[in-house]
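Breakdown of the fold
What follows is the residue order along each chain.
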Amino acid sequence: QVQLVESGGGLVQAGGSLRLSCAASGVTFSNYAMAWFRQGPGKERELVATVGLNGDEGYAGFVKGRFAISRDNAKNTMYLQMNSLKPDDTAVYFCAARRTRVVTVASSYDFWGQGTQVTVSS
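Residues numbered from 1 in each chain as written. Predicted model: local features only at pLDDT ≥ 70, side-chain atom pairs only at ≥ 80, totals over all residues. Heavy atoms only, no water.

Looking at unusual backbone geometry
What counts is decided by this rule: Here a strand is any run of E in DSSP of at least two residues, a helix any run of H or I of at least four, and the numbering for each starts at the N terminus.
Its identity as a non-glycine residue notwithstanding, Asn76 has a phi of 55 degrees, on the positive side. In this fold, Asn76 is placed in the loop between strand 7 (67-72) and strand 8 (77-82). A positive phi angle, close to 50 degrees, is found at Ser84, a residue other than glycine. Within the secondary structure layout, Ser84 lies in the loop between strand 8 and strand 9 (91-99).

See below:
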């Protein structure tokens with residue numbers, strides 16, 4: 001049974017930092033492309049960042065060098081380091097997995113975590 005479990009969310013002031021983690025089980029983690037999505041209040045789910053099988057990274061434009069995605073295949077875990085957080089970053093952050101290559105469309109991901117809330121106060 002595939003499970004993705006996010007952690008690390010919380011309340012932070014604008015300009016602060018958080019590090020999200022996504023722990024995977026029930027899969028050969030190294031065979032999966034991974035991604036972070038987020039869904040803010042009243043908004044559609046949007047892509048934040050992706051990391052491929054070989055560690056190649058991709059980011060949404062709004063990240064603008066503030067976030068860094070990474071993966072540790074030995075620990076079956078993906079991370080999202082978020083710096084210089086803004087109130088607009090307030091959202092539930094989800095991790096997602098799919099076999100082989102990275103794509104940007106949420107519906108193409110096979111497995112999802114339950115999400116972790118990130119709230120950035122002004």
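Some thoughts on the pairing of strand 9
This is how the line gets drawn: A simple rule labels every residue: compare its accessible area, found with a 1.4 Å probe on the protein chains alone, to the largest value its type can have, and call it buried under 20%, exposed over 50%, or partly exposed in between. Two strands form a pair only when DSSP identifies at least two bridges running between them.
Judged by how many residues are buried, strand 9 sits mostly within the fold: seven of nine residues are covered. Of the strand pairs in this sheet, strand 4 (residues 32-39) and strand 9 are connected by eight bridges, and their pairing is antiparallel. Residue pairing across strands places Ala33 opposite Arg98, the latter belonging to strand 9. Sheet topology note: the strand 9/strand 11 (residues 116-121) ladder contains three bridges and is antiparallel. Pairing of Ala91 across the sheet is with Val118, part of strand 11. Direction of pairing for strand 9 relative to strand 10 (residues 111-112): antiparallel, over a ladder of two bridges.

Topic: the pattern of salt bridges
Where we set the bar: Put simply, a salt bridge is a Lys or Arg side-chain nitrogen that is within 4 Å of an Asp or Glu carboxyl oxygen.
Applying the stated rule across the entire model yields three salt bridges. A salt bridge links Arg38 to Asp89; the shortest N-O distance between them is 2.8 Å. Taken together, the positions of Arg38 in strand 4 and Asp89 in the loop between strand 8 and strand 9 put the pair 51 residues apart, joining distant regions of the chain. Its relative accessible area of 6% is what places Arg38 among the buried residues. The salt bridge partner of Arg66 is Asp89, with a shortest N-O separation of 2.7 Å. Placement of the pair is Arg66 in the loop between strand 6 (57-59) and strand 7 and Asp89 in the loop between strand 8 and strand 9, with a sequence separation of 23 residues. This pair shows no difference in class: Arg66 is buried, exactly as Asp89 is.

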